[in-house]
Amino acid sequence: AGALPRAVAVLSFSVLVSARAAAQRRPAHSNLSGSCWSQLHPANMFNSYNVKFHHSKALTSPYPGSHIERSQVPEDKVGWLTEWKDYNPVEYTAKSVLAGPSWADPQINDDGFSPKFNERDGEVERKSLNGLYVVENGRPRNPVGRTGLTGRGLLGRWGPNHAADPVVTRWKRDGSGNKVAHPVSGKNILQFVAIKRRDCGEWAIPGGMVDPGEKITATLKREFEEEALNSLQKSPEEKAKLEKQLHKLFSQEHFVVYRGYVDDPRNTDNAWMETEAVNYHDETGETMDNLPLEAGDDAGVVKWVDISEKLELYASHSYFIRLVTEKWGAHWSENPGSECHE
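About the thresholds
- All residue numbers here refer to positions counted from 1 along the written sequence of the relevant chain.
- Local features in this predicted model are restricted to residues of pLDDT 70 or higher, and side-chain atom pairs are both shown and tallied only at a pLDDT of 80 or more, whereas totals for entire chains, interfaces and linings draw on every residue.
- The basis for every side-chain value is the complete set of non-hydrogen atoms in the structure, without hydrogens or water.
- Comment: elements are numbered from the N terminus, with helices defined as DSSP H or I runs of at least four residues and strands as E runs of at least two.
- Each residue's exposure class comes from its accessible area (1.4 Å probe, protein chains only) as a fraction of the maximum for that residue type: buried when under 20%, exposed when over 50%, partly exposed otherwise.
- When checking whether two residues touch, look at their non-hydrogen atoms; a contact exists if any pair is within 4.5 Å.
- A 1.4 Å probe and the Shrake-Rupley method give the accessible areas. Residues count as covered only by the protein chains that appear here.
- Each aromatic pair joins two rings of Phe, Tyr and Trp (for Trp, the six-membered one) with centres within 6.5 Å, and gets the label stacked for planes under 30 degrees apart, edge-to-face for over 60, and tilted for any other angle.
- Helix span is expected to be 1.5 Å times the residue number reduced by one.
- pLDDT: the predictor's confidence for each residue, scored from 0 to 100.
- Only buried Ala, Val, Leu, Ile, Met, Phe, Trp, Tyr and Cys residues count toward a nonpolar core, and they belong to the same one when joined by side-chain atoms within 4.5 Å.
- Paired strands, as defined in this entry, are two strands with at least two bridges between them according to DSSP.
- For this analysis, a salt bridge means a side-chain nitrogen from Lys or Arg found within 4 Å of a carboxyl oxygen belonging to Asp or Glu.

Details of the overall build of the protein chain
- Helix and strand counts for the protein chain come out as 5 helices and 13 strands.
- Counting only residues that meet the buried cut, the protein chain has 50% of its 342 residues in that class.
- Pairs at least 24 residues apart make up 72% of the contacts formed inside the protein chain by residues separated by at least 6 positions.
- Of the accessible surface of the protein chain, which amounts to about 16,300 Å², a share of 50% is contributed by carbon and sulfur atoms.

Structure below.
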């Protein structure tokens, strides 16, 4: 296949969340053909009001790491355009956030805190990847809709909290080095580096938060090193060796799988997760085969995982992984009815 030309697919969260909601209402083996890579187009832009917005994980209770129950939000009242005078969300910001760590904002009414929403605020990026968001009574409003909870929960920033998710892939190969095809679909099996999160025990892409002033490319590489290679515990010599090996992978052509809102269980009415998921593909396997995977930082376990629709992953990660398989023409489903059609 050779090097993949850089293809940036800016997927609107309206496509993501409406596809997710529809998927929940139909059999597990059935998938939206509209979510296929070939049919996604930047014209499907955010804020097209003919599309119903949904999130599901951002409505779950109890709130992660707590016993706090969200106010229940019926599906037809998620959107802010639907009037709901009796809406009475629970207010909650975790003590770990209120303690004022370096990665967290102060409370809205604190003296000296006057955030510049919808723009770059010093070193903190307060712009959303999905365009302008509403600020009401001094607080930013979740662009997808109500969540049953106000405040920031576990999130440090009011408004968008920016993350980066490096999807590192290779082809599954047999003992002779040949690509392994799935016996039912006949398509080659793609593998990605997955971590098991310590906080919730779910499998995920080894990503993390973008530091203030940090370029997204630096975040992607740093998070992969910390989460999947345990670089924080390595000696300077070991770190230098890892850097050299990873440089080839992270400096090659890559593509952005998704940029925008993430349906995350930590989201609130006033703080939400956004991410840039980027695929780095090791076509020959020569780079990644020689790297020792070792769980670190927030990861409990790290390993290569075969990709298929049977994977259950954290937040919106299954959606990102599916888009990667579609781009590479790899195996996803044993049901031919769910494959893409050009």
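Having seen the model, we can carry on.
As for the packing of aromatic side chains
- Scanning the model with the defined rule gives 8 aromatic pairs in all.
- Summarising the aromatic geometry, the rings of Tyr63 and Tyr92 are spaced 5.6 Å apart at their centres and angled 70° between planes, so their arrangement reads as edge-to-face. Of this pair, Tyr63 sits in the loop between α1 (13-24) and β1 (90-93) while Tyr92 sits in strand β1, and the two are 29 residues apart along the sequence. Summarising the burial analysis for this pair, Tyr63 and Tyr92 share the class buried.
- Judged by centre distance (5.0 Å) and plane angle (25°), the rings of Tyr258 and Phe320 are stacked.

Focus: helix α5 (residues 317-328)
- Taking 1.5 Å of rise per residue, the 12 residues of α5 would be expected to cover 16 Å, and the 17 Å separating its terminal C-alpha atoms lies within 8% of that figure.
- Within α5, 10 of the 12 residues are buried, which leaves the element mostly enclosed by the surrounding structure.
- A positive phi of about 65° marks Gly329, the residue just after α5.

Regarding helix α3 (residues 216-228)
- With 13 residues, α3 ought to run about 18 Å at 1.5 Å a step, and its terminal C-alpha atoms sit 18 Å apart, in line with that.
- When α3 is considered as a whole, its buried residues turn out to be Thr219, Leu220, Lys221, Arg222, Glu223, Phe224, Glu225, Glu226, Glu227 and Ala228.

Examining the confidence of the model for the protein chain
- The pLDDT averaged across the protein chain works out to 82; a share of 82% of its residues lies at or above 70.
- Across residues 1-53 the pLDDT falls below 50, and counting only partners more than four positions away or on other chains, this stretch makes 104 contacts in the model.

Regarding the nonpolar core
- Core analysis: the biggest nonpolar cluster contains 58 residues, and Val168, Phe192, Val193, Phe224, Met288, Phe320 and Ile321 have the highest contact counts within it.
- Going through the elements one at a time, β7 (159-171), β8 (190-197), α3, α4 (236-251), β11 (255-261), β12 (271-282), β13 (299-306) and α5 are the ones with two or more residues in this core.
- Once you skip the residues sitting within four places of it in the chain, Met288 turns out to touch Val168, Val193, Phe224, Leu249, Asp282, Leu293 and Trp304.
- One finds Tyr63, Tyr92, Ala94 and Ala104 within the second-largest nonpolar core, a separate group that totals 6 residues.

Concerning the pairing of β11
- The buried fraction of β11 amounts to 6 of the 7 residues, a majority that puts the element mostly inside the structure.
- Note that β11 and β12 share 6 bridges and pair antiparallel. Across the sheet, Gly260 pairs through a bridge with Thr275, a residue of β12.

Description of the pattern of salt bridges
- Throughout the structure, instances matching the rule amount to 20 salt bridges.
- With its nearest N and O atoms 2.7 Å apart, the salt bridge here joins Glu294 to Lys234. With Glu294 in the loop between β12 and β13 and Lys234 in the loop between α3 and α4, this pair connects stretches of sequence that are 60 residues apart.
- Judged by relative accessible area, Glu294 falls into the partly exposed class, the value being 34%.
- Lys310 is the salt-bridge partner of Glu334, the closest N and O atoms lying 3.1 Å from each other. In this pair, Glu334 is assigned in the segment after α5 and Lys310 in the loop between β13 and α5, connecting sequence segments 24 residues apart.
- Among the residues examined, Lys310 registers a relative accessible area of 63% and is labelled exposed.
- Several salt bridges share partner residues, and in doing so they unite Asp211, Glu214, Arg222, Glu223 and Glu226 into one network.

So, unusual backbone geometry
- Cis peptide bonds are those with omega within 30 degrees of zero, and the linkage from Ser61 to Pro62 qualifies with -5°.
- Relative to the elements of secondary structure, Pro62 occurs in the loop between α1 and β1.
- The backbone of Asn118 shows a phi angle near 65°, a positive value even though the residue is not glycine.
- A positive phi angle, near 55°, is found at Asn230, a position not held by glycine.

A closer look at the pairing of β8
- Of all 8 residues making up β8, 7 are buried, and the element is well covered by its neighbours.
- Strand direction decides the pairing type here: β7 and β8, joined by 3 bridges, are antiparallel. In the sheet register, Thr169 faces β8, and the bridge partner there is Phe192.
- Of the pairings in the sheet, the one linking β8 to strand β9 (residues 203-204) comprises 2 bridges and is antiparallel in character.

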